[in-house]
Amino acid sequence: MLTIERALVDKIVAHARADHPDEACGVIAGPLGSDRPVRYIAMTNAERSPTFYRFDSQEQLKVWREMDDRDEEPVVIYHSHTSTEAYPSRTDVSYAAEPNAHYVLVSTRDEDDSEFRSYRIVDGEVTEEEVAIVDSYA
C-alpha cells in the first residue's frame, strides 16, 4: 500500500495538468528503507510527448546522485497519461527499473477529474495497490 500526503498528491496532479497535453513525470524521494514519500521532484519529460515519457538522462543522473548524497531513494516514480486510463503501458512496464518504488499514474483524460492509481512493477509483473491519502504522516 502507498501512503502519501495529500499535499504531494496535489503537486503530482497539478504537474500533470500543467504539462497536459504532454505527459508529466517526476519522483518523490524518501529516506532509505522508509517507504515514505517526502521530497517532491518534478522532472522534465525529455520526449515532450502526449503518449510517452522519458526522464532527461542528465537530470536523472543529477537527481539520483542527490538522493544518494541525502541517503534517500525514489519512493514514488510518477507520470501521467493524457488520453488513457491510469494503468501502466507495455513501455512503462519495460522501463520500470526500481523494484521498491511505487509507480503512480495520473490520468488527465477527463479535465474535471484526475484518476490517481499506484502500482508495484517487479520483473514485468504489474500489481495495483491501495493508496491511502493522509493529511500528514504524524
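Keep in mind that this is a model prediction, so the values were computed, not measured.

Trainee: When you look at a negative patch on the surface in this model, what are you seeing that I'm missing?
Mentor: A cluster of like negative charges, contributed by D110, E111, D112 and D113, occupies part of the molecular surface. Tracing the chain through its elements places D112 in the loop between strand 5 (102-110) and strand 6 (113-122).

Trainee: Before we go on, may I ask you to explain the pairing of strand 3 (residues 39-43) in this structure?
Mentor: Every regular strand shows the same layout, with side chains that alternate between the two sheet faces. Only one face of strand 3 is buried: it carries R39, I41 and M43, and the other face, with Y40 and A42, is open. In terms of strand pairing, strand 2 (residues 25-31) meets strand 3 through five bridges, oriented antiparallel. Bridge pairing links V27 to I41 in strand 3.

Trainee: Whenever I open this one, helix 2 (residues 57-69) confuses me. Can you help?
Mentor: At 3.6 residues per turn, the α-helix brings residues three or four places apart onto the same side. Helix length check: helix 2, at 13 residues, gives a terminal C-alpha distance of 18 Å against a target of 18 Å (1.5 Å per residue), a fit within 8%. All buried positions along helix 2 are accounted for by E59, V63, W64 and M67. Axial view of helix 2: buried residues confined to an arc of 125 degrees, hence all on one face. Facing away from the buried side of helix 2, by more than 90 degrees, are the exposed residues Q58, K62, R65, D68 and D69. Those residues of helix 2 that are buried are in contact with strand 2, strand 3 and strand 4 (72-81). One or two positions beyond helix 2, positive phi appears at D71, with a value near 55 degrees.

Trainee: Before we go on, may I ask you to explain the sheet that holds strand 7 (residues 125-129) in this structure?
Mentor: Strands belonging to one sheet form pairs held by backbone hydrogen bonds; the direction of such a pair is parallel or antiparallel. The six strands are arranged 3-2-4-5-6-7 in an open sheet whose pairing can be described as mixed. Edge positions in the sheet fall to strand 3 and strand 7, since each has one partner strand and no second. The mean angle between the axes of side-by-side strands here comes to 30 degrees, regardless of whether they run parallel or antiparallel. Where strand 6 lies against strand 7, five bridges are found, and the strand directions are antiparallel. Bridged to V122 within strand 7 is E125. Relative to the sheet, helix 2 contacts strand 2, strand 3 and strand 4, its axis offset from that of strand 3 by approximately 170 degrees.

Trainee: I'm lost on unusual backbone geometry in this one. Help?
Mentor: Excluding glycine, residues mostly have negative phi values, and the peptide bonds linking residues are mostly trans. In the segment running from H20 into P21, the intervening peptide bond is cis, with an omega of 20 degrees. Topologically, P21 is positioned in the loop between helix 1 (6-19) and strand 2. In this structure, R48 takes a positive phi of about 45 degrees despite not being glycine. One can find R48 in the loop between strand 3 and helix 2. Since its relative accessible area comes to 61%, R48 is described here as exposed.

Basis of the calculations
The written sequence of each chain sets the order in which its residues are numbered from 1. Only residues with pLDDT of 70 or above have their local features reported here, since the model is predicted, and side-chain atom pairs are shown and tallied only from 80 upward, although totals for entire chains, interfaces and linings are computed over all residues. To obtain the side-chain values, all non-hydrogen atoms of the structure were used and water was disregarded. In this scheme, patches are assembled from residues that exceed 30% relative accessible area and form no salt bridge. Like charges are connected within 9 Å, while nonpolar side chains (Val, Leu, Ile, Met, Phe, Trp, Tyr) are connected within 5 Å. Computed with a 1.4 Å probe, the accessible areas rest on the Shrake-Rupley method; for each residue, only the protein chains presented here act as cover. Salt bridge criterion: a side-chain nitrogen from Lys or Arg within 4 Å of a carboxyl oxygen from Asp or Glu. For the charge count, each Lys or Arg is scored as positive and each Asp or Glu as negative, with His and the chain ends excluded. Charged side chains are reduced to one point each, which is NZ for Lys, CZ for Arg, CG for Asp and CD for Glu. Secondary structure follows DSSP: runs of H or I at least 4 residues long count as helices, runs of E at least 2 residues long count as strands, and numbering of each begins at the N terminus. Per-residue accessibility, obtained with a 1.4 Å probe over protein chains only, is compared with the maximum for each type, and a residue is labelled buried under 20%, exposed over 50%, and partly exposed between these values. Two strands make a pair as long as DSSP finds a minimum of two bridges between them. Multiplying one less than the number of residues by 1.5 Å gives the expected span of a helix. Starting at the helix axis, one direction is taken to each C-beta atom, and the arc is that of these directions. Any pair of residues with heavy atoms lying within 4.5 Å of one another is described as a contacting pair. To define axes, lines are fitted to C-alpha atoms, for helices over the stretch in contact only, and angles between the resulting N-to-C directions are given on a 0 to 180 degree scale.

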